[in-house]
Amino acid sequence: MLIAGVIGLVLGYVVLELVNAGIALVWETVPSGWETTPIWYVIGVLVLAAVLVYVIRTRVGDTGHAPLAGLAVSSMTPKEYLGAILAILASLFGGVVLGPEVALVATGSVVGTLVAKWMRFSDPKDAKKVVGFGALGAILALFVGPLLAGSLSMDGSPQSIEVAQLGWAIVVAIIATVAVSLARLIAALVARAAGPGPHLGIMVGSSLVIAAAAIAMTFMTGESVLYVLTSGEELITELPTITSVSTVVAIIAFKSLAYAVSLGAGFRGGPFFPAMFVGAASGLLIALALPDGPSAQAAIIVGVVASVIATAPMKWPLAIILGIVIGFAMGTWTLVPAALIGAVVARAIPRWADRISARPS
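Source: prediction; values computed, not measured.

### Quick word on the side chain of Ser 256
Following the sequence through the fold, Ser 256 ends up in helix α8 (residues 245-264). Classification of Ser 256 as buried rests on a relative accessible area of 12%. A polar atom in the side chain of Ser 256 sits 2.7 Å from the backbone oxygen of Ile 252.

In structure tokens form, the structure reads like this:
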């Protein structure tokens, strides 16, 4: 288990750096020669990504799981990993609104599978534990870089608990949870229309919707297309630089739409990081719209907590723990009470999309 976890952590970090480098190349380095990212480039890259993912899933291998399913850890052979990781990389490099976490889970899973095979365990339960630790080690790579760089923390956190602002955490949590839940509801409907296998028409059509959302947001606000495209978690700490309520509303609306079709159309990637961005933007909206409301830092953290819990089914104890951990990691101990309120509210709101997904198509 220790060997699988350590190797998973190292390779997970390598894969994460590869994903970040590829996204930066396609969406920052190449477009840097233009004043703004051209419309034809946004559309072309996204449509190409849709076609590539379809070809990979139908010709190379279709072993990855749908983003709506969250994170699933299971044994994975190198051949199965090849199809899964290629589909994930094609999706993420193409600007699809999904996160890198599934790439790390897949990497850790194949590491655990190989380690378990090398150790020749006779008990399948032992092999399953090794696979699980391989995936856990790889997932930890998501936090190594940000923790070392301090990029998870929000600047300007209050030095004491602002009791008068705690009531606004309920409003932030409701908006963030509803936004993410609506996106997942739309995604579930798209997934039902697409069916179990990849559907080229739906994937290409969805890529056009994502492109249109990014282009429309840019024309309306003047902000970069990256506020809609890709998972966007690296922009969370930059959100407080936006001071226009209308800009934040546009970002939330178009990001949520792009996130919804990315989840349900047949692409591959993780569902959590884009949801965190939507939640963070929802918190900023309340901070800007209400003069006597919460600070931007507190509201963003509450939105992130609520969006994570709205994305994955979890029991109450885990929801409470996540509220504490995220509140402390992104802010200070003073923001933990607000984060806990966000966790409780998000956990209490029903998961509508799961009911749609559970119905037979």
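### Notes on helix α11 (residues 316-330)
The terminal C-alpha atoms of α11, which comprises 15 residues, lie 21 Å apart, in line with the 21 Å expected from a rise of 1.5 Å per residue. Taken together, the buried positions of α11 are occupied by Ala 319, Gly 323, Ile 326, Gly 327 and Met 330. The arc that holds the buried residues of α11, viewed along the axis, is 100°, so those residues lie on one side. Exposed residues on α11 whose side chains face more than 90 degrees from its buried face are Pro 317 and Phe 328. On its buried face, α11 sits against α10 (296-311) and α12 (336-348).

### Some points on helix α7 (residues 200-221)
Between its terminal C-alpha atoms α7 stretches 32 Å, which fits the 32 Å expected from 22 residues at 1.5 Å a residue. Within α7, the full set of buried residues consists of Ile 202, Met 203, Ser 206, Ser 207, Ile 210, Ala 211, Ala 213, Ala 214, Ile 215, Met 217 and Thr 221. Residues of α7 that are buried in the fold lie against α2 (39-60), α6 (166-194) and α8. Looking at the residues trailing α7, positive phi occurs at Gly 222, about 80°.

### Some details on the environment of Gly 195
Along the chain, the position of Gly 195 falls in the loop between α6 and α7. For the pair Gly 195 and Val 180, spaced 15 residues apart in the sequence, the C-alpha separation amounts to 22 Å.

### Remarks on the pattern of salt bridges
Across all of its chains, the model carries two salt bridges by this definition. A salt bridge links Arg 57 to Asp 62; the nearest nitrogen and oxygen atoms lie 2.7 Å apart. Here Arg 268 ties to Asp 62 by a salt bridge, and the two come within 3.5 Å at their closest N and O atoms. Residue Arg 268 is located in the loop between α8 and α9 (272-289), and its partner Asp 62 is located in the loop between α2 and α3 (78-93); the two are separated by 206 residues in the primary sequence. The exposure class assigned to Arg 268 is buried, which follows from its relative accessible area of 7%. Taking the relative accessible area as the measure of exposure, Asp 62 reaches 37% and is therefore partly exposed.

### Structural notes on the nonpolar core
Counting residues in hydrophobic clusters, the biggest one holds 117 residues, and the most contacted among them are Trp 27 and Leu 239. Ranked by the residues each element gives to this core, the list is headed by α9, at twelve residues. If we skip the residues at most four places from it in the chain, Trp 27 touches Tyr 41, Val 42, Val 45, Phe 93, Gly 94, Gly 95, Leu 226, Leu 229 and Thr 230.

### Some points on the packing of α6 against α10
Where α6 meets α10, the closest approach of the two axes is 8 Å, and the angle between their N-to-C directions is 40°. When the axes of α6 and α10 are compared, the pair comes out oblique. Seen from above, α6 lies across α10 with right-handed handedness. Residues Ala 169, Val 172, Ala 173, Ala 176, Thr 177, Val 180, Ser 181 and Arg 184 of α6 lie in contact with α10, whose contacting residues are Ala 299, Val 302, Gly 303, Ala 306, Ser 307, Ala 310 and Thr 311. Among the residues making up the contact of α6 with α10, the classes are represented as nine nonpolar, five polar and one charged.

### Considering a nonpolar patch on the surface
A cluster of nonpolar side chains, Leu 2, Ile 3, Val 6, Ile 7, Val 10, Leu 11, Val 14, Trp 118, Met 119 and Phe 121, forms an exposed patch at the surface whose accessible area comes to about 960 Å². Where the nonpolar patch is concerned, the elements lending two or more residues are α1 (2-29) and α4 (101-119). A per-element tally of the nonpolar patch places α1 first, with seven residues. Classification of Phe 121 as partly exposed rests on a relative accessible area of 35%.

### Side note on the packing of aromatic side chains
On inspection of all chains with the given rule, the structure shows five aromatic pairs. Their ring planes at 80° and their centres at 5.6 Å tell us that Trp 34 and Trp 40 sit as a pair that is edge-to-face. Grouping aromatic residues by their ring pairs yields a cluster made of Trp 27, Trp 34, Trp 40 and Tyr 41.

### Overview of unusual backbone geometry
Even without being a glycine, Thr 230 presents a positive backbone phi close to 60°. Accessibility expressed as a relative area gives 7% for Thr 230, which makes it buried.

### A look at the environment of Ile 7
Mapped onto the fold, Ile 7 is located in helix α1. In this structure the C-alpha to C-alpha distance between Ile 7 and Ser 256, which are 249 residues apart in sequence, comes to 35 Å.

### A look at the packing of α8 against α9
The geometry of α8 relative to α9 is characterised by a closest axis approach of 9 Å and an angle of 160° between their N-to-C directions. Here α9 runs roughly antiparallel to α8, going by the angle between their axes. When you trace α8 past α9, the crossing you get is left-handed. Contacts from Val 245, Val 248, Val 249, Ile 251, Ile 252, Lys 255, Ser 256 and Tyr 259 of α8 reach α9 at Pro 274, Ala 275, Phe 277, Val 278, Ala 281, Ser 282, Leu 284, Leu 285, Leu 288 and Ala 289. Along the lines of polarity and charge, the residues of the contact of α8 with α9 split into 15 nonpolar, two polar and one charged.

Scoring rules and cut-offs
- Residues numbered from 1 in each chain as written.
- Predicted model: local features only at pLDDT ≥ 70, side-chain atom pairs only at ≥ 80, totals over all residues.
- Heavy atoms only, no water.
- Helix = DSSP H or I, 4+ residues; strand = E, 2+ residues; numbered from the N terminus.
- Buried < 20%, exposed > 50% of the residue type's maximum accessible area, 1.4 Å probe, protein only.
- Polar contact = N/O pair within 3.5 Å; in protein donor to acceptor, adjacent residues only side chain to side chain.
- Expected span 1.5 Å × (residues − 1).
- Arc of directions from axis to C-beta.
- Contact = heavy atoms within 4.5 Å.
- Salt bridge = Lys/Arg side-chain N within 4 Å of Asp/Glu carboxyl O.
- Core = buried A, V, L, I, M, F, W, Y, C linked by side-chain atoms within 4.5 Å.
- Axes fitted to C-alpha atoms, helices over the stretch in contact; angles between N-to-C directions.
- Parallel < 35°, antiparallel > 145°, perpendicular 65-115°, else oblique.
- Left-handed = near helix turned anticlockwise from the far one by under 90°.
- Nonpolar A, V, L, I, M, F, W, Y, C, P; charged D, E, K, R; others polar.
- Patch = residues over 30% accessible without salt bridge, like charges linked within 9 Å, V, L, I, M, F, W, Y side chains within 5 Å.
- Areas by Shrake-Rupley, 256 points an atom, 1.4 Å probe, with all protein chains shown as cover.
- Phe/Tyr/Trp six-rings, centres within 6.5 Å; stacked < 30°, edge-to-face > 60°.

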